[in-house]
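Read off the chains here:
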Amino acid sequence: MTETVSEMAAPAADGVLRRPSLVGRTRAGLGDALAEIGVPEKERRMRVGQLWNWIYHYGVREFDAMTTIGKGLRAQLAERFSLDLPEVTAEQVSTDGTRKWLLRMPSTGPHDRGAEIECVYIPEVDRGTLCVSSQVGCTLTCTFCHTGTQRLVRNLKTEEIVAQLMVARERLGDFPNRKAPDGAFVPNDGGRFVSNIVFMGMGEPLYNFDGVRDAIDVISDDQGLSLGRRRITVSTSGVVPQIGPLGEEMGTMLAISLHAVRDDLRTELVPLNKKYPIKDLLEACRNYPGLSNAKRITFEYVMLKGVNDSDAEARELVRLLKGIPAKINLIPFNPWPGTRYECSDWDRIERFSEIVFRAGYASPVRTPRGRDILAACGQLKSETEKLSARARLMLEQDEAGATPAVAAE
(Lines give C-alpha, C1' and ligand atoms only; values in the text may rest on other atoms or scores of the structure.)
Protein backbone atom coordinates (compact mmCIF):
# COMPACT_ATOMS: atom_id res chain seq x y z
CA MET A 1 0.00 0.00 0.00
CA THR A 2 1.36 3.41 -0.94
CA GLU A 3 1.87 5.66 2.08
CA THR A 4 0.53 9.18 1.91
CA VAL A 5 2.44 12.29 2.88
CA SER A 6 0.16 12.89 5.84
CA GLU A 7 0.70 9.34 7.14
CA MET A 8 4.43 9.50 6.71
CA ALA A 9 5.02 12.93 8.18
CA ALA A 10 2.60 12.91 11.09
CA PRO A 11 3.79 14.76 14.20
CA ALA A 12 5.26 12.48 16.83
CA ALA A 13 4.08 12.31 20.42
CA ASP A 14 6.42 15.19 21.30
CA GLY A 15 5.02 17.30 18.46
CA VAL A 16 8.21 17.14 16.37
CA LEU A 17 7.74 16.44 12.67
CA ARG A 18 10.22 13.71 11.72
CA ARG A 19 11.28 12.58 8.29
CA PRO A 20 10.21 8.99 7.61
CA SER A 21 13.01 6.48 7.23
CA LEU A 22 13.61 4.47 4.07
CA VAL A 23 15.27 1.68 6.04
CA GLY A 24 13.25 -1.52 5.96
CA ARG A 25 11.21 -0.68 2.88
CA THR A 26 10.60 -3.13 0.08
CA ARG A 27 11.67 -2.33 -3.48
CA ALA A 28 8.11 -1.21 -4.16
CA GLY A 29 8.24 1.02 -1.09
CA LEU A 30 11.45 2.65 -2.26
CA GLY A 31 9.84 3.17 -5.67
CA ASP A 32 6.92 4.93 -4.02
CA ALA A 33 9.34 7.22 -2.16
CA LEU A 34 11.09 8.15 -5.40
CA ALA A 35 7.78 8.82 -7.10
CA GLU A 36 6.83 11.10 -4.22
CA ILE A 37 9.79 13.39 -4.89
CA GLY A 38 9.20 13.42 -8.63
CA VAL A 39 11.70 10.88 -9.98
CA PRO A 40 10.49 9.87 -13.48
CA GLU A 41 9.04 6.37 -13.75
CA LYS A 42 11.56 5.24 -16.37
CA GLU A 43 14.39 6.12 -13.97
CA ARG A 44 12.98 4.61 -10.79
CA ARG A 45 14.06 0.99 -11.23
CA MET A 46 17.72 2.01 -11.54
CA ARG A 47 17.44 4.38 -8.57
CA VAL A 48 15.73 1.73 -6.46
CA GLY A 49 18.64 -0.62 -7.17
CA GLN A 50 21.11 2.03 -6.07
CA LEU A 51 19.24 2.82 -2.87
CA TRP A 52 18.84 -0.88 -2.15
CA ASN A 53 22.57 -1.51 -2.43
CA TRP A 54 23.53 1.44 -0.24
CA ILE A 55 20.90 0.80 2.45
CA TYR A 56 21.01 -2.99 2.75
CA HIS A 57 24.46 -4.03 1.55
CA TYR A 58 26.53 -1.15 2.90
CA GLY A 59 24.18 -0.02 5.69
CA VAL A 60 24.87 3.68 5.14
CA ARG A 61 23.24 6.15 7.53
CA GLU A 62 23.55 9.33 5.43
CA PHE A 63 22.40 10.02 1.87
CA ASP A 64 25.65 11.90 1.21
CA ALA A 65 27.47 8.56 1.43
CA MET A 66 25.60 7.30 -1.66
CA THR A 67 28.28 8.38 -4.11
CA THR A 68 26.72 6.68 -7.15
CA ILE A 69 23.67 8.95 -6.84
CA GLY A 70 23.85 12.56 -8.04
CA LYS A 71 24.05 15.34 -5.47
CA GLY A 72 20.72 16.82 -6.54
CA LEU A 73 18.78 13.62 -5.92
CA ARG A 74 20.65 13.00 -2.70
CA ALA A 75 19.59 16.44 -1.49
CA GLN A 76 15.96 15.76 -2.42
CA LEU A 77 16.02 12.45 -0.58
CA ALA A 78 17.63 13.98 2.51
CA GLU A 79 15.07 16.78 2.60
CA ARG A 80 12.11 14.40 2.54
CA PHE A 81 13.40 11.18 4.13
CA SER A 82 15.93 9.80 6.59
CA LEU A 83 17.92 6.58 7.03
CA ASP A 84 17.24 6.37 10.74
CA LEU A 85 17.08 3.09 12.63
CA PRO A 86 14.84 2.44 15.63
CA GLU A 87 16.23 3.83 18.87
CA VAL A 88 18.02 1.33 21.09
CA THR A 89 16.58 2.33 24.46
CA ALA A 90 18.27 -0.49 26.37
CA GLU A 91 20.90 -3.13 25.70
CA GLN A 92 21.43 -6.01 28.10
CA VAL A 93 24.29 -8.48 27.88
CA SER A 94 24.03 -11.94 29.41
CA THR A 95 26.91 -13.73 31.07
CA ASP A 96 26.82 -16.16 28.11
CA GLY A 97 27.18 -13.38 25.53
CA THR A 98 23.51 -13.20 24.51
CA ARG A 99 22.39 -9.63 23.82
CA LYS A 100 18.87 -8.27 24.17
CA TRP A 101 17.91 -4.95 22.65
CA LEU A 102 14.82 -2.97 23.55
CA LEU A 103 13.97 -0.98 20.44
CA ARG A 104 11.64 1.99 20.19
CA MET A 105 10.06 2.41 16.78
CA PRO A 106 9.39 5.91 15.42
CA SER A 107 6.02 7.25 16.56
CA THR A 108 3.28 7.27 13.96
CA GLY A 109 1.26 10.19 15.31
CA PRO A 110 0.55 12.48 18.27
CA HIS A 111 -1.01 9.69 20.33
CA ASP A 112 1.83 7.19 19.76
CA ARG A 113 5.07 7.51 21.71
CA GLY A 114 6.59 4.75 19.58
CA ALA A 115 6.07 1.02 19.98
CA GLU A 116 8.73 -0.83 21.96
CA ILE A 117 9.79 -4.36 21.09
CA GLU A 118 12.61 -6.71 21.95
CA CYS A 119 14.98 -8.71 19.79
CA VAL A 120 17.79 -11.02 20.87
CA TYR A 121 21.18 -11.89 19.37
CA ILE A 122 22.60 -15.31 20.31
CA PRO A 123 26.29 -15.81 19.40
CA GLU A 124 27.57 -19.33 18.88
CA VAL A 125 30.75 -20.76 17.42
CA ASP A 126 29.09 -21.96 14.21
CA ARG A 127 26.44 -19.28 13.80
CA GLY A 128 24.94 -16.05 15.07
CA THR A 129 21.17 -16.17 15.47
CA LEU A 130 18.88 -13.16 15.69
CA CYS A 131 15.48 -13.74 17.27
CA VAL A 132 13.08 -11.13 15.90
CA SER A 133 9.59 -9.99 16.87
CA SER A 134 6.62 -9.76 14.51
CA GLN A 135 4.06 -8.07 16.77
CA VAL A 136 3.97 -5.59 19.63
CA GLY A 137 2.76 -7.91 22.36
CA CYS A 138 0.93 -11.13 21.57
CA THR A 139 -2.64 -12.33 21.25
CA LEU A 140 -2.14 -16.03 22.07
CA THR A 141 -1.86 -16.01 25.90
CA CYS A 142 0.17 -19.23 26.09
CA THR A 143 0.29 -19.87 29.82
CA PHE A 144 4.00 -20.79 30.04
CA CYS A 145 5.18 -17.79 28.00
CA HIS A 146 6.02 -14.40 29.53
CA THR A 147 5.28 -12.59 26.27
CA GLY A 148 1.82 -14.12 26.33
CA THR A 149 0.98 -12.14 29.46
CA GLN A 150 1.31 -8.92 27.46
CA ARG A 151 -1.74 -7.93 25.44
CA LEU A 152 -1.46 -7.38 21.71
CA VAL A 153 -0.98 -3.75 20.72
CA ARG A 154 -0.50 -4.11 16.96
CA ASN A 155 1.31 -5.88 14.15
CA LEU A 156 4.77 -4.68 13.29
CA LYS A 157 5.17 -3.17 9.85
CA THR A 158 7.49 -4.76 7.31
CA GLU A 159 9.97 -1.92 7.87
CA GLU A 160 9.96 -2.50 11.62
CA ILE A 161 10.72 -6.20 11.23
CA VAL A 162 13.59 -5.60 8.80
CA ALA A 163 14.92 -2.82 11.03
CA GLN A 164 15.64 -5.33 13.79
CA LEU A 165 18.24 -7.02 11.59
CA MET A 166 19.59 -3.64 10.54
CA VAL A 167 20.05 -2.63 14.18
CA ALA A 168 21.78 -5.92 14.95
CA ARG A 169 24.20 -5.53 12.06
CA GLU A 170 24.87 -1.94 13.10
CA ARG A 171 25.54 -2.92 16.72
CA LEU A 172 27.78 -5.80 15.60
CA GLY A 173 29.77 -3.75 13.12
CA ASP A 174 28.60 -6.11 10.38
CA PHE A 175 28.44 -3.83 7.33
CA PRO A 176 31.30 -3.78 4.80
CA ASN A 177 33.67 -0.81 4.63
CA ARG A 178 32.10 0.81 7.67
CA LYS A 179 33.68 1.44 11.02
CA ALA A 180 31.74 -0.13 13.86
CA PRO A 181 29.89 2.51 15.90
CA ASP A 182 30.99 3.38 19.41
CA GLY A 183 29.86 0.72 21.83
CA ALA A 184 29.39 -1.91 19.13
CA PHE A 185 30.17 -5.54 19.92
CA VAL A 186 32.32 -7.02 17.16
CA PRO A 187 32.79 -10.81 17.46
CA ASN A 188 36.51 -11.58 17.67
CA ASP A 189 36.54 -14.90 19.52
CA GLY A 190 35.51 -17.23 16.72
CA GLY A 191 31.86 -16.24 17.04
CA ARG A 192 29.70 -15.26 14.10
CA PHE A 193 27.79 -12.22 12.98
CA VAL A 194 24.08 -12.68 12.21
CA SER A 195 23.86 -15.75 9.97
CA ASN A 196 20.39 -17.00 10.92
CA ILE A 197 17.02 -15.41 11.66
CA VAL A 198 14.28 -16.96 13.78
CA PHE A 199 10.81 -15.45 14.06
CA MET A 200 10.50 -16.54 17.68
CA GLY A 201 10.35 -13.18 19.42
CA MET A 202 7.24 -11.31 20.46
CA GLY A 203 4.03 -12.18 18.63
CA GLU A 204 2.59 -14.86 16.34
CA PRO A 205 4.22 -14.42 12.89
CA LEU A 206 1.35 -16.00 10.97
CA TYR A 207 -1.08 -13.42 12.34
CA ASN A 208 1.10 -10.82 10.63
CA PHE A 209 1.44 -12.83 7.43
CA ASP A 210 1.84 -10.01 4.90
CA GLY A 211 4.29 -8.05 7.03
CA VAL A 212 6.44 -11.12 7.72
CA ARG A 213 6.34 -12.27 4.08
CA ASP A 214 7.46 -8.87 2.78
CA ALA A 215 10.16 -8.61 5.45
CA ILE A 216 11.53 -12.00 4.43
CA ASP A 217 11.63 -10.82 0.81
CA VAL A 218 13.83 -7.90 1.90
CA ILE A 219 16.02 -9.95 4.23
CA SER A 220 16.65 -12.74 1.70
CA ASP A 221 17.32 -10.52 -1.33
CA ASP A 222 20.80 -11.49 -2.57
CA GLN A 223 21.65 -7.92 -3.56
CA GLY A 224 21.18 -6.63 -0.03
CA LEU A 225 21.05 -8.38 3.33
CA SER A 226 21.45 -11.76 1.59
CA LEU A 227 20.24 -14.21 4.23
CA GLY A 228 19.05 -17.35 2.44
CA ARG A 229 15.56 -18.64 3.17
CA ARG A 230 17.02 -21.88 4.51
CA ARG A 231 18.59 -19.74 7.24
CA ILE A 232 15.25 -18.19 8.18
CA THR A 233 12.86 -20.05 10.47
CA VAL A 234 9.28 -18.99 11.12
CA SER A 235 7.81 -20.38 14.33
CA THR A 236 4.06 -20.66 14.79
CA SER A 237 1.85 -21.81 17.63
CA GLY A 238 -0.33 -23.49 15.03
CA VAL A 239 -2.25 -21.09 12.80
CA VAL A 240 -3.23 -23.98 10.54
CA PRO A 241 -4.73 -22.09 7.54
CA GLN A 242 -1.53 -20.09 7.07
CA ILE A 243 0.99 -22.95 7.26
CA GLY A 244 0.56 -23.98 3.62
CA PRO A 245 0.78 -20.39 2.33
CA LEU A 246 3.88 -19.89 4.49
CA GLY A 247 5.66 -22.66 2.59
CA GLU A 248 4.34 -21.55 -0.79
CA GLU A 249 5.02 -17.83 -0.47
CA MET A 250 8.00 -17.65 1.88
CA GLY A 251 9.80 -20.97 1.49
CA THR A 252 11.43 -20.72 4.91
CA MET A 253 12.08 -23.37 7.51
CA LEU A 254 9.10 -24.09 9.76
CA ALA A 255 8.99 -24.53 13.52
CA ILE A 256 5.90 -25.60 15.45
CA SER A 257 5.36 -24.74 19.12
CA LEU A 258 3.81 -28.07 20.10
CA HIS A 259 4.50 -28.54 23.84
CA ALA A 260 1.90 -31.26 24.46
CA VAL A 261 0.64 -34.51 22.93
CA ARG A 262 -2.97 -34.35 24.18
CA ASP A 263 -5.53 -31.78 23.11
CA ASP A 264 -6.75 -31.09 26.65
CA LEU A 265 -3.25 -30.22 27.90
CA ARG A 266 -2.22 -28.37 24.75
CA THR A 267 -5.37 -26.25 24.94
CA GLU A 268 -4.36 -25.32 28.49
CA LEU A 269 -0.80 -24.45 27.48
CA VAL A 270 -1.54 -23.05 24.00
CA PRO A 271 -5.18 -21.84 23.91
CA LEU A 272 -5.06 -21.60 20.10
CA ASN A 273 -5.28 -25.41 20.13
CA LYS A 274 -8.99 -25.13 20.87
CA LYS A 275 -9.46 -23.70 17.37
CA TYR A 276 -6.78 -25.75 15.61
CA PRO A 277 -6.34 -29.09 17.43
CA ILE A 278 -3.30 -31.33 17.18
CA LYS A 279 -4.72 -33.56 14.43
CA ASP A 280 -5.36 -30.61 12.11
CA LEU A 281 -2.00 -29.05 12.94
CA LEU A 282 -0.04 -32.20 12.14
CA GLU A 283 -1.97 -32.72 8.91
CA ALA A 284 -0.93 -29.22 7.81
CA CYS A 285 2.65 -30.11 8.68
CA ARG A 286 2.54 -33.29 6.59
CA ASN A 287 1.44 -31.18 3.62
CA TYR A 288 4.00 -28.39 4.15
CA PRO A 289 5.43 -27.40 0.74
CA GLY A 290 8.98 -28.62 0.21
CA LEU A 291 8.98 -30.90 3.26
CA SER A 292 11.79 -33.45 3.04
CA ASN A 293 14.60 -34.94 5.10
CA ALA A 294 16.70 -31.99 3.97
CA LYS A 295 13.99 -29.54 5.02
CA ARG A 296 12.61 -30.93 8.24
CA ILE A 297 10.08 -29.29 10.51
CA THR A 298 11.28 -28.41 13.99
CA PHE A 299 8.82 -29.23 16.77
CA GLU A 300 9.43 -27.19 19.89
CA TYR A 301 8.58 -28.83 23.19
CA VAL A 302 9.04 -26.90 26.42
CA MET A 303 9.85 -29.17 29.36
CA LEU A 304 7.48 -28.47 32.26
CA LYS A 305 8.01 -30.41 35.48
CA GLY A 306 5.20 -32.86 36.15
CA VAL A 307 3.11 -31.43 33.33
CA ASN A 308 4.27 -32.81 29.97
CA ASP A 309 7.54 -34.63 30.64
CA SER A 310 6.64 -38.29 31.30
CA ASP A 311 7.96 -41.32 29.42
CA ALA A 312 4.45 -41.99 28.14
CA GLU A 313 4.27 -38.51 26.64
CA ALA A 314 7.65 -38.97 24.96
CA ARG A 315 6.42 -42.17 23.33
CA GLU A 316 3.16 -40.51 22.26
CA LEU A 317 5.12 -37.66 20.74
CA VAL A 318 7.03 -40.15 18.60
CA ARG A 319 3.78 -41.80 17.54
CA LEU A 320 2.15 -38.49 16.58
CA LEU A 321 5.06 -37.40 14.42
CA LYS A 322 5.43 -40.69 12.53
CA GLY A 323 5.97 -40.00 8.84
CA ILE A 324 6.87 -36.32 9.26
CA PRO A 325 10.51 -35.40 8.53
CA ALA A 326 11.21 -33.66 11.81
CA LYS A 327 13.52 -32.84 14.62
CA ILE A 328 12.33 -32.19 18.14
CA ASN A 329 13.77 -29.29 20.10
CA LEU A 330 13.45 -29.92 23.83
CA ILE A 331 13.44 -26.57 25.61
CA PRO A 332 14.15 -26.40 29.35
CA PHE A 333 11.49 -24.06 30.74
CA ASN A 334 12.83 -20.57 31.30
CA PRO A 335 11.32 -19.13 34.51
CA TRP A 336 9.90 -15.63 34.74
CA PRO A 337 8.35 -13.65 37.60
CA GLY A 338 4.90 -14.91 38.52
CA THR A 339 4.90 -18.15 36.54
CA ARG A 340 3.31 -21.25 38.06
CA TYR A 341 5.52 -23.68 36.13
CA GLU A 342 8.91 -25.20 36.93
CA CYS A 343 11.54 -26.61 34.62
CA SER A 344 11.75 -30.39 34.44
CA ASP A 345 14.67 -31.97 36.29
CA TRP A 346 17.69 -32.51 34.07
CA ASP A 347 17.63 -36.31 34.34
CA ARG A 348 13.95 -36.26 33.30
CA ILE A 349 14.80 -34.13 30.25
CA GLU A 350 17.61 -36.53 29.32
CA ARG A 351 15.31 -39.54 29.68
CA PHE A 352 12.66 -37.88 27.49
CA SER A 353 15.31 -37.04 24.90
CA GLU A 354 16.63 -40.61 24.92
CA ILE A 355 13.19 -42.07 24.12
CA VAL A 356 12.72 -39.67 21.23
CA PHE A 357 16.26 -40.22 19.93
CA ARG A 358 15.96 -44.01 19.98
CA ALA A 359 12.84 -43.68 17.84
CA GLY A 360 14.98 -42.07 15.14
CA TYR A 361 14.40 -38.36 15.74
CA ALA A 362 17.07 -35.79 16.44
CA SER A 363 16.15 -34.43 19.86
CA PRO A 364 18.63 -31.77 20.92
CA VAL A 365 18.10 -30.13 24.29
CA ARG A 366 18.28 -26.40 23.68
CA THR A 367 20.88 -24.79 25.88
CA PRO A 368 19.17 -21.97 27.77
CA ARG A 369 20.66 -18.65 26.66
CA GLY A 370 20.20 -15.22 28.21
CA ARG A 371 18.14 -16.39 31.18
CA ASP A 372 19.75 -13.82 33.47
CA ILE A 373 18.45 -10.95 31.29
CA LEU A 374 15.06 -12.55 30.52
CA ALA A 375 16.13 -13.03 26.89
CA ALA A 376 15.56 -16.79 26.68
CA CYS A 377 12.74 -18.58 24.90
CA GLY A 378 9.37 -17.48 26.29
CA GLN A 379 10.77 -14.66 28.41
CA LEU A 380 10.41 -11.60 26.15
CA LYS A 381 8.08 -8.90 27.36
CA SER A 382 8.61 -5.28 26.40
CA GLU A 383 7.75 -2.02 28.10
CA THR A 384 5.00 -1.34 25.55
CA GLU A 385 2.38 -2.76 27.90
CA LYS A 386 2.93 0.30 30.08
CA LEU A 387 1.28 2.53 27.49
CA SER A 388 -1.56 4.41 29.10
CA ALA A 389 -5.03 3.07 28.36
CA ARG A 390 -5.87 6.25 26.44
CA ALA A 391 -2.73 6.13 24.30
CA ARG A 392 -3.27 2.45 23.54
CA LEU A 393 -6.88 3.07 22.54
CA MET A 394 -5.85 5.87 20.21
CA LEU A 395 -3.16 3.66 18.68
CA GLU A 396 -5.65 0.86 18.06
CA GLN A 397 -8.03 3.31 16.43
CA ASP A 398 -5.19 4.49 14.17
CA GLU A 399 -4.57 0.86 13.21
CA ALA A 400 -8.27 0.02 12.71
CA GLY A 401 -8.70 -2.32 9.80
CA ALA A 402 -5.06 -3.41 9.78
CA THR A 403 -5.35 -6.37 12.15
CA PRO A 404 -9.02 -7.39 12.47
CA ALA A 405 -8.27 -11.08 12.26
CA VAL A 406 -5.75 -10.83 15.07
CA ALA A 407 -8.05 -8.85 17.31
CA ALA A 408 -10.78 -11.42 16.81
CA GLU A 409 -8.71 -14.36 18.03
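Residues numbered from 1 in each chain as written. Predicted model: local features only at pLDDT ≥ 70, side-chain atom pairs only at ≥ 80, totals over all residues. Heavy atoms only, no water.

Notes on the overall build of the protein
- Tallying secondary structure elements over the protein gives 13 helices and eleven strands in all.
- Sorting the 409 residues of the protein into buried and exposed places 55% on the buried side.
- Here the analysis covers contacts within the protein between residues at least 6 apart in sequence; of these, 67% occur between residues at least 24 apart.
- Just so you have it, the protein exposes about 17,900 Å², and 50% of that area is on carbon and sulfur atoms. (Helix = DSSP H or I, 4+ residues; strand = E, 2+ residues; numbered from the N terminus. Buried < 20%, exposed > 50% of the residue type's maximum accessible area, 1.4 Å probe, protein only. Contact = heavy atoms within 4.5 Å. Areas by Shrake-Rupley, 256 points an atom, 1.4 Å probe, with all protein chains shown as cover.)

A short note on the side chain of S353
- Mapping S353 onto the fold places it in helix α11 (residues 346-358).
- According to the relative accessible area criterion, S353 is buried, its value standing at 13%.

As for the sheet that holds strand β3 (residues 116-123)
- Pairing in this open sheet of nine strands is mixed, and the strands run β1-β2-β3-β4-β7-β8-β9-β10-β11 from one edge to the other. Both outer strands of the open sheet, β1 (87-93) and β11 (326-332), are each paired with one neighbouring strand and no more. This sheet shows a mean twist of 20° between the axes of neighbouring strands, independent of strand direction.
- Bridge count between strand β7 (residues 196-199) and strand β8 (residues 232-236): three bridges; the pairing is parallel. Counterpart to F199 in the pairing with β8 is V234. (Pairing = 2+ DSSP bridges. Axes fitted to C-alpha atoms, helices over the stretch in contact; angles between N-to-C directions.)

A short note on helix α10 (residues 311-320)
- Of the residues making up α10, those classed as buried are D311, E313, A314, L317, V318 and L320.
- Buried positions along α10 lie against α8 (263-269), α9 (278-286), β10 (297-303), β11 and α11.

As for the side chain of E160
- Among the secondary structure elements, E160 is positioned in helix α5 (residues 158-171).
- Residue classification places E160 among the buried positions, given a relative accessible area of 7%.
- A polar side-chain atom of E160 sits 2.8 Å from a polar atom in the side chain of R154. (Polar contact = N/O pair within 3.5 Å; in protein donor to acceptor, adjacent residues only side chain to side chain.)

A closer look at the packing of aromatic side chains
- Scanning all chains against the criterion turns up five aromatic pairs.
- The ring centre of W52 lies 4.3 Å from the NZ or CZ of R27, which sits over that ring. (Phe/Tyr/Trp six-rings, centres within 6.5 Å; stacked < 30°, edge-to-face > 60°. Lys NZ or Arg CZ within 6 Å of the ring centre and 35° of its normal.)

Some words on the confidence of the model for the protein
- Averaged over all residues, the pLDDT of the protein equals 84, while 80% of them reach at least 70.
- Within the model, the stretch residues 1-8 combines pLDDT values under 50 with 14 contacts to residues more than four positions away or in other chains. (pLDDT = per-residue confidence, 0-100.)

Considerations on the nonpolar core
- Counting 107 residues, the largest nonpolar core has I55, L130, F144, I197 and F299 as the members making the most contacts within it.
- Apart from the residues lying within four places of it in its own chain, the contact partners of F144 are H259, L269, V270, V302, L304, F333, W336 and Y341. (Core = buried A, V, L, I, M, F, W, Y, C linked by side-chain atoms within 4.5 Å.)

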